[in-house]
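Secondary and tertiary structure notes
Each chain, written out:
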Amino acid sequence: MRDFDTFLKALVANDRQLADEIRIRRDALAAELTRTRDLRGGDRAAAVRTIVLRTGRPVLPIVGNAPQLDLNDHDSRVWRTRLERAAARLTKAARAVGRIDVAGHPQQLAYVGTGWLVDKGVVLTNRHVARQFARDRGGRYTFSRGSDERPVRPSIDFLEEAGRRERLEFCIDRVLHIEDDDGPDLAFLGVEATAGPKALASPIPLATSALRVDQQIAVIGYPARDSRIPDDQLMHQIFGDVYDKKRVAPGQVTAVSSAVLQHDCSTLGGNSGSVLVDLASGEAVGLHYAGRFLDANFAVPAALVADRLERLRRTPHRPSSRPQAARPTPAPGATRPPIDGAGERLEEGRVEDYVDRRGYDPGFLGVRVPLPTVKKRRSDVLTFEAHGRRTSE
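Per-chain numbering applies: the sequence of each chain, read as written, is numbered from 1 onward. Under the rules for a predicted model, residues below a pLDDT of 70 receive no local features and side-chain atom pairs below 80 are neither given nor counted, while totals for whole chains, interfaces and linings still include all residues. The side-chain quantities take in all heavy atoms of the structure and omit both hydrogens and water.

Some words on the overall build of the protein
Basically, it comes down to this: The way it works is that DSSP assigns letters per residue, a run of H or I at least four long becomes a helix, a run of E at least two long becomes a strand, and they are numbered from the N terminus. Note on classification: 1.4 Å probe, protein chains only; a residue is buried when its accessible area is under 20% of the maximum for its type, exposed when over 50%, partly exposed between these limits. We call two residues in contact when some of their heavy atoms are within 4.5 Å. Note that accessible areas follow from Shrake-Rupley with a 1.4 Å probe, and for residues the cover is restricted to the protein chains shown.
Of regular secondary structure, the protein possesses 8 helices and 20 strands. With 393 residues in all, the protein has 45% of them scored as buried. Contacts in the protein between residues at least 24 apart in sequence constitute 66% of all its contacts with a sequence separation of at least 6. Carbon together with sulfur atoms contributes 49% to the accessible area of the protein, which is approximately 20800 Å² in total.

Take a look at the structure:
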């Protein structure tokens, strides 16, 4: 398994203490298999790989927002010691990490990724996660239409833990920013401040110090079963056949640039939007957005997140439609906004919605068709001032 061999070589080179533990466990297992003759060939190699990965890059459950560190004999004592030291910091960070659920998704998805509080009332996730339920419509964000002809209704559940039925769900009621394709894979979402008697946790502070290779970190998020992984049994051995629940996976930073942070924590598809937490400080060092099993993982560095967050704070809020249209009782004499047949509010067109349109194309049918002349109901034609001239739509 070439990817595994490369992964193991890098792990051994970058963490001497852990490498010594892995060698001891690997050699002990090999000797035991030789003595008992239990496994041969590929099965023997697979058993060794499993021990190495569970020792080197374990994945642990989070229950009550606390990492469960009751590791067994096959797991790493080195990581247990490190995670015990960081337990209070990881618990605080875990409270701010949630699973982004969706109701009415056209593909019948129940959830689309991970998000975490990066500022008061602001959830950070990936662009490709946000686009599962939101769109940028000419400078204004809207929630996509769902399977029930209503907008998709996103929310974030800050629990969704293994063995627990409790939920701590908050409505995602607006989209604040979705980065363009040529920028980092991030998006900011607005979340309601309370859910009944429950209030949001404190945001995870962004790291301000320079990142370094070999820095010890942990990913907190919601790994999902990934059909793209070629070795389903190995995935099962690492993740314990527990998916879509809050997990913590320790590892290290493996490469750093101004645009991308690479790490070697164990992740799967549902980890999109997960936070990378520095074990020493509890600060967020990055936003996970992609990975290749046993090869490399990629994240947006904290400095780049901070830059986009500061831009968001300086930029006037661009409105977005709410996922469910509220219908408050109007004051006497007030006029209700128009509502279409599906119950969604219709908003009047604004000048900025039209200024970048090319206008009528006489040849759009393949033959020339002149622009029709409006003779009746001329008041239906929208006219506006743009770039110093009067035009219409």
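Read on, since the account is not over.
A closer look at the packing of helix 4 (residues 77-85) against helix 5 (residues 87-94)
Rules: Only the contacting stretch of a helix is used when fitting its axis, a line to C-alpha atoms as for every element, and angles between N-to-C directions run 0 to 180 degrees. By the definition adopted for this analysis, an angle is roughly parallel if under 35 degrees, roughly antiparallel if over 145, roughly perpendicular if from 65 to 115, and oblique otherwise.
One can describe the packing of helix 4 onto helix 5 by two numbers: an axis separation of 4 Å at closest approach and a directional angle of 70°. Relative to helix 5, the element helix 4 is oriented roughly perpendicular. Taking contact as the criterion, the partners of L83, E84 and R85 in helix 4 are, on helix 5, A87, R89 and L90.

Notes on the side chain of D101
What counts, and what does not: In protein, a polar contact means a hydrogen-donor-capable atom and an acceptor-capable atom, both N or O and within 3.5 Å, with residues adjacent in sequence counting only if both atoms are side-chain atoms; elsewhere, any N or O pair within 3.5 Å suffices.
Residue position: D101 is located in strand 3 (residues 97-103). Assessed through its relative accessible area of 6%, D101 is described here as buried. At a separation of 2.8 Å, a polar atom in the side chain of D101 contacts the side chain of R99.

Looking at the pairing of strand 18 (residues 296-301)
As a reminder, the rule being used: Pairing between strands is defined by DSSP: at least two bridges between them are needed.
Among the 6 residues that make up strand 18, 6 are buried, leaving the element largely enclosed by the rest of the structure. Strand direction decides the pairing type here: strand 15 (residues 261-263) and strand 18, joined by 3 bridges, are antiparallel. Its bridge partner lying in strand 18, Q262 is registered against F298. In terms of strand pairing, strand 17 (residues 284-292) meets strand 18 through 6 bridges, oriented antiparallel. By the bridge assignment for strand 18, R292 is matched with A296.

Overview of the nonpolar core
It is characteristic of soluble globular proteins that their nonpolar side chains tend to be buried jointly. Stated formally: Within this scheme, the nonpolar core is defined by two criteria: the residues are buried Ala, Val, Leu, Ile, Met, Phe, Trp, Tyr or Cys, and they are joined through side-chain atoms within 4.5 Å.
Counting residues in each nonpolar core, the largest one holds 82 residues, and the members touching the most others are W116, V118, F133, F188 and I220. Not counting chain neighbours up to four residues away, the residues in contact with V118 comprise L124, F188, P203, I204, L206, V305 and L309.

Considering the confidence of the model for the protein
The criterion, for reference: Scored between 0 and 100, pLDDT is the confidence that the predictor attaches to each residue.
Across the protein, the average pLDDT comes to 79, with 72% of residues at or above 70. Note that pLDDT drops below 50 for residues 324-356; the model gives that stretch 40 contacts with residues more than four away or on any other chain.

Some details on the environment of A284
Tracing the backbone through its elements, the reader meets A284 in strand 17. Judged by relative accessible area, A284 falls into the buried class, the value being 0%. When the C-alpha atoms of A284 and I204 are compared, they prove to be 6.3 Å apart, with 80 residues separating the residues in sequence. Beyond its immediate sequence surroundings of up to four residues, A284 is in contact with W116, I204, P205, L206, A207, V275, L276 and A302.

Quick look at unusual backbone geometry
Positive phi is not limited to glycine here, since E160 has a value of about 50°. Within the element layout of this structure, E160 appears in the loop between strand 8 (153-157) and strand 9 (169-178). Although it is not a glycine, D214 adopts a positive phi angle of roughly 80°. One can find D214 in the loop between strand 12 (198-199) and strand 13 (216-221). Classification of D214 by relative accessible area gives partly exposed; the value is 30%.

Section: the sheet that holds strand 5 (residues 122-125)
Strand order in the closed barrel formed by 6 strands is 3-4-5-10-9-8, and the pairing between neighbours is antiparallel. This sheet shows a mean twist of 45° between the axes of neighbouring strands, independent of strand direction. As paired strands, strand 3 and strand 8 are joined by 5 bridges and run antiparallel to one another. Its bridge partner being in strand 8, V102 is matched across the sheet by P154.

A closer look at the packing of aromatic side chains
The line we're drawing: For this analysis, a ring pair means two rings from Phe, Tyr or Trp (six-membered ring only for Trp) whose centres lie within 6.5 Å, classed as stacked if their planes differ by under 30 degrees, edge-to-face if by over 60, and tilted for the remaining angles. By the criterion adopted, a ring carries a charge over it if an Arg CZ or a Lys NZ lies within 6 Å of its centre and within 35 degrees of its normal.
Taken as a whole, this structure holds 4 aromatic pairs when the rule is applied. Seen in terms of ring centroids, F133 and F143 are 6.3 Å apart; in terms of plane orientation they differ by 15°. Their pairing is stacked. Separated by 10 residues along the polypeptide, F133 in the loop between helix 6 (127-130) and strand 6 (134-137) and F143 in strand 7 (residues 140-143) bring together distant segments of the chain. Judged by centre distance (6.5 Å) and plane angle (35°), the ring pair of Y289 and F298 falls under tilted. Between the NZ or CZ atom of R82 and the centre of the ring of W79, over which it lies, the distance is 4.8 Å. A cation over an aromatic ring shows up here: R99 above the ring of Y111, its NZ or CZ 4.5 Å from the ring centre.

So, the side chain of S274
Within the fold, S274 resides in the loop between strand 15 and strand 16 (275-278). Exposure remark for S274: the relative accessible area of 0% places this residue in the buried category. Of note is the side chain of S274, whose polar atom sits 2.7 Å from the backbone oxygen of N271. Among all residues touching S274, those that are not within four sequence positions of it are T114, W116, V219, I220, G221, Y222, G286, L287 and H288.

Points about helix 4
Short version of the rule: This arc is taken over the directions from the axis of the helix to the C-beta atoms.
Within helix 4, burial applies to V78, W79, R82 and L83. Down the axis, helix 4 shows its buried residues gathered within 120° of arc, on one side only.

Re the pairing of strand 7
The side chains of a regular strand alternate between the sheet's two faces. Alternating residues of strand 7 divide into R140 and T142 and Y141 and F143, and every residue in both groups is buried. Bridge count between strand 6 and strand 7: 4 bridges; the pairing is antiparallel. In the strand pairing of strand 7, R135 is matched with T142. In this structure, the hairpin formed by strand 6 and strand 7 is closed by a connection of 2 residues, where G138 is found at a positive phi of approximately 60°.

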